Amino acid sequence: MKSFNWKVIHDREHDYDSTSKTTPIYQTSSFSFTDLHDLEGFFQPENNRYMYSRYGNPNPDQLARKVSELEGAPAGVATSSGMSAILSGVLAVVRPGESVLIPEDVYGGTYDLFQQFFQDWQVDVHTVSFADLAEVEKKITQKTSLVYTESVTNPLLRVEEIEAVVKIAHKRSIPVMVDNTFATPYFSQPYKFGADLVVHSATKYIGGHSDVTAGVLVGERTLVEEAKRKAIQLGMNVSPFEAWLTVRGLKTLSVRMEKQSANAKAIADFLNDQPGVNVYYPKNLATHGNGAMVSFELDKRYDIHKFFEQLEWVKIVPTLAGVETTVSYPLKTSHRSIPPHMQKKLGITAGLIRLSVGLEDETDITDELQSALEEAAEKKFPE
Ligand SMILES: Cc1ncc(COP(=O)(O)O)c(C=O)c1O
């Protein structure tokens, strides 16, 4: 049995071209056949041929296979974005007239997908705080056909009790789908805790270099096969080049996560020592670290505009998970469309900052934060 770190780097099934050290890029829309018998072979069960890249291509398949292996799941499909991976998974499970249960603090794009797209398709969407599992249990009805959650929430970084959620849902034979984007398979493998489907915005840590948009869905074979059919029908395939780049980035997942997580722990400790700073950092995610995201809230002694203005090299970007440290402002980006009373309830305040910790030395990051905090201190918040 090969280690996690081996699986991150190698591909057991990489036999497309035995002389090429890395997987070639199959930058083609379609594949050719020698004669009609050859063509017929494509439609036979168990064939491992390719015909048309929207149906399948070696590079997306390699990405799906690698993430499935890392999650310990039997099957996977790679798609054009995290959102299309979520969409394909939900479409594989949920039918009009049924209902789904989602966390009230779910990622904003996912919230919109359920509240707007799926409501229009006659799917009832119920939101609940997954911090209170008794409430989750109470909200399940006869019509519930999917329980959807995230292994680590955004931006307050609460760690989901996946096993407990699975237990509640499976008691009623309801499948569970988990977004594992923030945790990555390095820190959490929800399929092993019983989740039926696990989804990633591979745009984030799986790719890791902020240069691709891609998604991966892994899980139970029958569900993933249905999701793949939906992805083919709706044209949600990822391009060969984007898949290849994502696999290239994935090869360094372990070393990136180890260093970024160690940096994040040091930054969380540093911020905890600053006056008027309330730190959110995951606890007990895994024995070897707690991830590379840190959120923190400045109290009224700080001028939030000044803090952002004073950052010299940490860029303000509404994304995360690259090799460089970046910062975002949830109130005015990811959680902008949430009604003010919900923002307040969820703790999305005017002082909240989300830091995606990169691969620089820890002192580079603490120096940058310290000078911005010093400049921003003792000023008033704007109304
Ligand atoms: C937790 C989470 N899930 C899904 C998505 C959607 O991914 P993508 O932008 O690749 O479609 C994001 C994007 O930020 C995310 O943060």
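The rules behind these values
Residues numbered from 1 in each chain as written. Predicted model: local features only at pLDDT ≥ 70, side-chain atom pairs only at ≥ 80, totals over all residues. Heavy atoms only, no water. 1 Å grid on protein atoms, 1.4 Å probe; cavity = no way out; pocket = protein on both sides within 12 Å on 5 of 7 lines; lining within 4 Å. Points joined across faces, edges and corners; volume = space filled by probe spheres on them. Helix = DSSP H or I, 4+ residues; strand = E, 2+ residues; numbered from the N terminus. Nonpolar A, V, L, I, M, F, W, Y, C, P; charged D, E, K, R; others polar. Domains from an automatic or database assignment. Contact = heavy atoms within 4.5 Å. Buried area = accessible area lost by both parts, 1.4 Å probe. Salt bridge = Lys/Arg side-chain N within 4 Å of Asp/Glu carboxyl O. Polar contact = N/O pair within 3.5 Å; in protein donor to acceptor, adjacent residues only side chain to side chain.

A. Representation of empty space enclosed by the protein in the model. If you walk through the whole model with that rule in mind, you get four cavities of 30 Å³ or more. Along its surface, the largest cavity is lined by 18 residues, and R54, V77, A78, K228 and N237 are the ones closest to its centre. Elements supplying a minimum of two residues to the lining of the largest cavity: α3 (58-71), β1 (75-79) and α9 (221-234). No other element matches β1, which puts four residues into the lining of the largest cavity. For the lining of the largest cavity, the per-class residue count stands at nine nonpolar, six polar and three charged. Sorting elements by how many residues they give to the lining of the second largest cavity places α3 first, with three residues.

B. Representation of the domain arrangement of the protein chain in the model. Here the protein chain is partitioned into domain 1 (4-250) and domain 2 (253-376). Of note, the centres of domain 1 and domain 2, computed from C-alpha atoms alone, are 27 Å apart. At the junction of the two partners, domain 1 supplies 29 residues and domain 2 supplies 39 residues. In total, about 2,800 Å² of surface goes out of reach between domain 1 and domain 2, with carbon and sulfur atoms giving 65% of it. Three residues stand out in domain 1 for area buried against domain 2, namely Y186, F187 and Y205, and they jointly supply 29% of the buried area on that side. Remark: the boundary between domain 1 and domain 2 carries one salt bridge. Across the pair K345 and E104 runs a salt bridge whose closest N-O atoms are separated by 2.9 Å. Linking domain 1 to domain 2 there are 10 residue pairs in polar contact (both at pLDDT 80 or more).

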